[in-house]
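Residues per chain, in single letters:
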Amino acid sequence: PSSDRRNRTLAGVSAHCTRPLQIPRARAWLIIIASVLMITLLDRMTDRNTWFGPAYLMLIGFAAWALGWRTAIAVTIVCACASALVNGWHIYPAGEASPIVGIAMRILAVGMIIALLDNARRSYVREWRLARTDPLTGALNRQAFFELAGADTHSKRWTVLAYADLDGLKQLNDLQGHAKGDQGLVTFAQNARAIIRKEDVLARIGGDEFVIYMKVDGEVAGGIVAERMHETMNRTSSATSSKLRCSVGVVIIPPGPRDLAQEMKLADELMYEAKESGAALAIATLYRDGELIGIGSLQIERAHE
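Residues numbered from 1 in each chain as written. Predicted model: local features only at pLDDT ≥ 70, side-chain atom pairs only at ≥ 80, totals over all residues. Heavy atoms only, no water.

## Thoughts on the overall build of the chain
At step 1: The helix and strand tally for the chain stands at ten helices and eight strands.
At step 2: Across the chain, the fraction of contacts at a sequence separation of at least 24, relative to all contacts at a separation of at least 6, is 70%.
At step 3: In the structure as shown, the chain presents an accessible area of about 16400 Å², 60% of it carried by carbon and sulfur atoms. (Helix = DSSP H or I, 4+ residues; strand = E, 2+ residues; numbered from the N terminus. Contact = heavy atoms within 4.5 Å. Areas by Shrake-Rupley, 256 points an atom, 1.4 Å probe, with all protein chains shown as cover.)

## Looking at helix 10 (residues 260–276)
Along an α-helix, residues three or four positions apart point the same way, because every turn accommodates 3.6 residues.
At step 1: Between its first and last C-alpha, helix 10 extends 24 Å over 17 residues, near the 24 Å set by a 1.5 Å rise per residue.
At step 2: Among the residues making up helix 10, those that are buried are Leu 260, Glu 263, Met 264, Leu 266, Ala 267, Leu 270, Met 271 and Ala 274. Projection of helix 10 onto a plane perpendicular to its axis shows the buried side chains occupying an angular sector of 160°, all on one side. Seen from the buried face of helix 10, the exposed residues on the opposite side, beyond 90 degrees, are Ala 261 and Glu 276. (Expected span 1.5 Å × (residues − 1). Buried < 20%, exposed > 50% of the residue type's maximum accessible area, 1.4 Å probe, protein only. Arc of directions from axis to C-beta.)

## Quick notes on helix 6 (residues 142–150)
At step 1: Of all the positions in helix 6, only Ala 144, Phe 145 and Ala 149 are classed as buried. Buried residues of helix 6, viewed axially, fall in a sector of 110°; they line one side.
At step 2: Turning to helix 6, the residues buried within the fold contact strand 2 (158–167), strand 3 (201–204), strand 4 (209–216) and helix 10.
At step 3: For helix 6, the capping residue at the N-terminal end is Asn 141, with a side-chain oxygen 3.3 Å from the backbone nitrogen of Gln 143. (Polar contact = N/O pair within 3.5 Å; in protein donor to acceptor, adjacent residues only side chain to side chain.)

## Focus on the packing of aromatic side chains
At step 1: This structure, assessed with the given rule, holds four aromatic pairs.
At step 2: Plain terms: the ring middles of Phe 145 and Phe 146 are 5.2 Å apart, the flat faces sit at 80° to each other, and that makes the pair edge-to-face.
At step 3: Here Phe 146 falls in the partly exposed class, since its relative accessible area comes to 31%.
At step 4: Aromatic ring contacts, followed pair by pair, group Phe 145, Phe 146 and Tyr 213 into a single cluster. (Phe/Tyr/Trp six-rings, centres within 6.5 Å; stacked < 30°, edge-to-face > 60°.)

## Re the side chain of Asn 141
At step 1: By the secondary structure assignment, Asn 141 is in the loop between helix 5 (99–130) and helix 6.
At step 2: Here Ala 131 takes part through its backbone oxygen, which lies 2.9 Å from a polar atom of the side chain of Asn 141.
At step 3: Setting aside residues up to four positions removed in sequence, Asn 141 forms contacts with Ala 131, Arg 132, Thr 133, Asp 134, Ala 203 and Arg 204.

## Topic: the packing of helix 2 (residues 25–45) against helix 4 (residues 69–87)
At step 1: At a minimum axis separation of 10 Å, helix 2 and helix 4 run at an interaxial angle of 20°. In terms of their interaxial angle, helix 2 and helix 4 are classed as roughly parallel. Crossing geometry of helix 2 relative to helix 4 is assigned as right-handed. Every residue of helix 4 that contacts helix 2 at Trp 29, Ile 32, Val 36, Thr 40, Asp 43 and Arg 44 is listed here: Thr 71, Val 75, Val 78, Cys 79, Ala 82, Ser 83, Val 86 and Asn 87.
At step 2: Its residues assigned to classes, the contact of helix 2 with helix 4 shows eight nonpolar, four polar and two charged. (Axes fitted to C-alpha atoms, helices over the stretch in contact; angles between N-to-C directions. Parallel < 35°, antiparallel > 145°, perpendicular 65-115°, else oblique. Left-handed = near helix turned anticlockwise from the far one by under 90°. Nonpolar A, V, L, I, M, F, W, Y, C, P; charged D, E, K, R; others polar.)

## Section: the side chain of Glu 209
At step 1: Summarising the element assignment, Glu 209 is placed in strand 4.
At step 2: Although Glu 209 is buried, it makes no salt bridge; Arg 142 carries the closest opposite charge, 5.9 Å away.
At step 3: At 2.8 Å, the side chain of Glu 209 forms a polar contact with the side chain of Tyr 163.
At step 4: Glu 209 has contacts with Tyr 163, Ala 164, Asp 165, Ala 203, Arg 204, Met 271 and Tyr 272, leaving out every residue within four places of it along the chain. (Lys, Arg positive; Asp, Glu negative; His and termini not counted. Salt bridge = Lys/Arg side-chain N within 4 Å of Asp/Glu carboxyl O.)

## A look at the confidence of the model for the chain
At step 1: Chain-level pLDDT for the chain is 80 on average; 80% of the residues reach the 70-or-more range.
At step 2: Between the elements of the chain, mean pLDDT differs from a low of 46, seen in helix 1 (residues 2–11), to a high of 93, seen in strand 4.
At step 3: pLDDT under 50 marks residues 5–12. Its contacts with residues more than four places away, or in other chains, come to 14 contacts.
At step 4: pLDDT under 50 marks residues 290–294. Its contacts with residues more than four places away, or in other chains, come to nine contacts. (pLDDT = per-residue confidence, 0-100.)

## Some remarks on the pairing of strand 3
At step 1: Covered by surrounding structure in strand 3 are Val 201 and Ala 203 together with Leu 202 and Arg 204, the residues of both alternating faces.
At step 2: Pairing geometry for strand 3 and strand 4, over four bridges, is antiparallel. Bridged to Ala 203 within strand 4 is Val 211.
At step 3: Linking strand 3 to strand 4, which pair antiparallel, is a turn of four residues. (Pairing = 2+ DSSP bridges.)

Encoded structure:
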């Protein structure tokens, strides 16, 4: 069903793909606490005819957008108590209506604003995520991959960039139908996601091409991880169909400045070398010598039959 596929898509988003415009919770709370204190202090320093309602409302709106409706309600209660502590039950503008009516109207207005902002926030997050995921496999799409991996311009850790190509997808589609081919892609993505960590990046960047981007503890660890990924991806993909195998090109990248476009090019070249050897794994370590960027020792391993 489309709803199930929608849920799988959202569940497959990498942990890196956080909500846009979201301030870290600790920072958001710091802003809220500091703002409450500042607004309350200014409210205390001025006379009762100076209305700080819009300032409190902006703070409540910020809480609703950054932290959700529950936090916004809590901030509303705090702001109401702070205002009552400073001004008593004086409602500005007072007018001829009773204070109870004024309070009720404010509660209704603030509640509607919180509901609207929370709904807008949820819709924005949902659409932002869907725009960056592959609807079939639930993996990130090409745009999301370059947004996330491209932001890592200087890494303090070793990194593995694996470029995987599913061999035989076209033949599988021709012989058994596109539904079978789609199921092979879905199975591959599910199992690839199962062997990486939550913070690692899995993206589908072409019809039968996937990339995995992950941090490792060193060059040796990168090679071990690459071999394990290649073995597992071939074992799980071949379980779906004997026609569907996986060729992988892996670049192990040392700490330092990053050039994702160059690294992707090298991983792609390695993948084609692996493909020529038949569902193989081609591993190389990236090195930098001044302006020169190239690969060191090349290791090619064929998949176990």
